[in-house]
Amino acid sequence: MAAPARSRLLELTRLRCDIFSTLYNPLGLRTGAKYLRARLRGPSMVQYYPKQLSFKELSRAMPELKLVNFEEEQRLFDVAERKKRGKGAPKKAKSPEESRRLAKKKRK
């Protein structure tokens, strides 16, 4: 008995793909269909890990506790100290004339 012709086999695979609604890929190229068919992992991962509360959210939710964030207080104190010594962030320009970038362009 002779083997079926290649064209007949390709027709059979095309028909099989139509019936079972799978991707027809006679050349066997990599398509990523396996990953596109797979169930999404994101929603289950979100449910697995509990929501983490930040200090800010906690203090906003319960203002009657009058919680103090010592790390933020220390940061604000350090920023104020640096500003006193002239090491703080520069003031933002309110107009294009005050901008340092524009001043550099004018000099050139």
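Position labels on residues start from 1 in each chain and follow its written sequence. Restriction of local features to residues with pLDDT of at least 70 applies here, the model being predicted, together with a cutoff of 80 or more for giving and counting side-chain atom pairs; totals for whole chains, interfaces and linings are based on all residues. Hydrogens and water are ignored here; the side-chain numbers use all heavy atoms of the structure.

**A word on the environment of Ala5**
With respect to the helices and strands, Ala5 occurs in the segment before α1 (6–20). Taking the relative accessible area as the measure of exposure, Ala5 reaches 41% and is therefore partly exposed. With 65 residues separating them in the primary sequence, Ala5 and Phe70 have C-alpha atoms 80 Å apart. A run of DSSP states H or I qualifies as a helix once it reaches four residues; a run of E qualifies as a strand once it reaches two. Both are numbered from the N-terminal end. Think of it in three bands: with a 1.4 Å probe and only protein chains considered, a residue is buried below 20% of the maximum accessible area for its type, exposed above 50%, and partly exposed in between.

**Notes on the pattern of salt bridges**
Each salt bridge in this description consists of a side-chain nitrogen of Lys or Arg and a carboxyl oxygen of Asp or Glu lying within 4 Å of one another. Under the criterion given, the structure shown has three salt bridges. Taking the shortest distance from any N to any O, the salt bridge between Glu72 and Arg75 comes out at 2.8 Å. Note that Glu72 and Arg75 are positioned in helix α5 (residues 70–84) at a spacing of three residues, about one turn of the helix. Residue classification places Glu72 among the partly exposed residues on the basis of a relative accessible area of 32%. Linking Lys84 and Glu81 is a salt bridge whose minimum nitrogen-to-oxygen distance equals 3.4 Å. Here the residue Lys84 and the residue Glu81 both occupy positions in helix α5, the gap between them amounting to three residues, near one helical turn. For Lys84, a relative accessible area of 67% corresponds to the exposed category. A relative accessible area of 27% places Glu81 in the partly exposed class.

**Examining unusual backbone geometry**
The backbone of Ser21 sits at a positive phi, close to 45°, despite the residue not being glycine. Mapped onto the elements of the fold, Ser21 is located in the loop between α1 and α2 (33–37). You can call Ser21 exposed: its relative accessible area is 66%. Phi at Lys66 takes a positive value of approximately 50°, unusual for a residue other than glycine. Topologically, Lys66 is positioned in the loop between α4 (55–61) and α5. Relative accessible area serves as the criterion here: at 69%, Lys66 is assigned to the exposed category.

**Points about the environment of Asn69**
Its place among the elements puts Asn69 in the loop between α4 and α5. Expressed as a C-alpha distance, the spacing of Asn69 and Leu9, which sit 60 residues apart in the sequence, is 72 Å. Within the structure, Asn69 has its side chain in polar contact with the backbone nitrogen of Glu71 (distance 3.3 Å). Pairing of N or O atoms within 3.5 Å defines a polar contact, subject to two protein rules: one partner must be a possible hydrogen donor and the other a possible acceptor, and residues neighboring in sequence count only if both atoms are side-chain atoms.

**As for the confidence of the model for the protein**
Looking at the protein as a whole, its pLDDT mean stands at 87, while 94% of the residues score no less than 70. Per-residue confidence from the predictor is reported as pLDDT, which spans 0 to 100. Model confidence for the protein, summarised as mean pLDDT per element, is weakest for helix α6 (residues 100–107) at 65 and strongest for α5 at 95.

**Some remarks on a nonpolar patch on the surface**
Patch membership requires more than 30% relative accessible area and the absence of a salt bridge. Residues of like charge join within 9 Å; the nonpolar side chains Val, Leu, Ile, Met, Phe, Trp and Tyr join within 5 Å. Accessible surface area values rest on a Shrake-Rupley calculation with a 1.4 Å probe, where residue burial reflects the displayed protein chains alone. A surface patch of nonpolar side chains, amounting to about 510 Å² of accessible area, comprises Leu53, Phe55, Leu58, Met62, Leu65 and Leu67. Secondary-structure assignment places Leu53 in the loop between α3 (42–48) and α4. Leu53 gets classed as exposed once you look at its relative accessible area, which sits at 59%.

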